[in-house]
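Commentary on secondary and tertiary structure
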Amino acid sequence: AGVGKASDMVGLTPEMMSLQGQESQAGASKSAANSAVEAIDDKQRVPVWVVTASANAPHGETLDTALSVYVRRRRLPEPGEMVFCHPLTSREELELLLRRFFQAKQHNREASIFSVVDVDKLPYTEQVEFTWKLKHFILHFGVESASRLLIISGTPGPVSYTHLTLPTKRIV
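Because the structure is predicted, anything quoted here is derived from the model rather than measured.

Here we take up the packing of aromatic side chains. Applying the stated criterion across every chain, the model contains four aromatic pairs. One aromatic cluster in this structure is built from Phe101, Phe102, Phe137 and Phe141.

Have a look at this one:
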């Protein structure tokens, strides 16, 4: 009943063009932190994971989930690894985090876990733009130099989750 039960966690497969969501291979009884750490260590997937809250998740559960992923790795997040979203979060702030994520290995940050927390607090248009930017960067940069990206939503089924797990095309 909190954030990130296994059935709500999606790691994107290397066949990103089809963008089909995959369930975490972690057991449903494990905590969100255990599931996230195990899934993040899976090298067979595109290194992007989406964790969503259950309908009755307590307030603040997204912060606990985000920090628990770092604590389980016996470290705290470094500056620039996390963005806590709110209605006024800029596109530039999110794009900078994505660029750090995609170029992590080039800057000796392959062990980094970049996190976008409370993505559901972004306005609808910003959630859509963030998702399209992520897809564009995957196609443009590939994931060979990427680290890991964790997207956490405080509500079930945010726009980012829907757009990342369903086949879609952008019409310009």
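The discussion continues.
Further remarks concern the nonpolar core. Grouped together as the largest cluster of nonpolar side chains are 22 residues, with contacts concentrated most on Phe101, Val116, Leu134, Leu149 and Ile151. Put simply, the parts of the chain that give this core at least two residues each are strand S2 (48-52), helix H3 (91-102), strand S4 (113-117), helix H4 (124-141) and strand S5 (148-153). The biggest single contributor to this core is H3, with five residues. Ignoring sequence-local partners within four residues, the contact set of valine 116 consists of Val83, Cys85, Leu94, Leu97, Phe130, Leu149, Leu150, Ile151 and Ile152.

Another aspect to go through is the pairing of S4. With five of five residues buried, S4 is to be regarded as a mostly interior element. Side-chain alternation along S4 places Ile113, Ser115 and Val117 on one buried face and Phe114 and Val116 on a second face that is also buried. Two elements, strand S3 (residues 82-84) and S4, share three bridges in a ladder whose sense is parallel. Pairing of valine 83 across the sheet is with valine 116, part of S4. For the segment spanning S3, H3 and S4, crossover handedness is right-handed. Two strands pair when backbone bridges link them, and S4 and S5 are joined in this way by five bridges, in the parallel orientation. Residue pairing in the sheet places valine 116 in a bridge with isoleucine 151 of S5. On the question of chirality, the crossover connecting S4 to the parallel S5 by way of H4 is right-handed.

How each quantity is defined
Residues numbered from 1 in each chain as written. Predicted model: local features only at pLDDT ≥ 70, side-chain atom pairs only at ≥ 80, totals over all residues. Heavy atoms only, no water. Phe/Tyr/Trp six-rings, centres within 6.5 Å; stacked < 30°, edge-to-face > 60°. Core = buried A, V, L, I, M, F, W, Y, C linked by side-chain atoms within 4.5 Å. Buried < 20%, exposed > 50% of the residue type's maximum accessible area, 1.4 Å probe, protein only. Helix = DSSP H or I, 4+ residues; strand = E, 2+ residues; numbered from the N terminus. Contact = heavy atoms within 4.5 Å. Pairing = 2+ DSSP bridges. Right-handed = clockwise from strand over helix to strand, strands pointing away.

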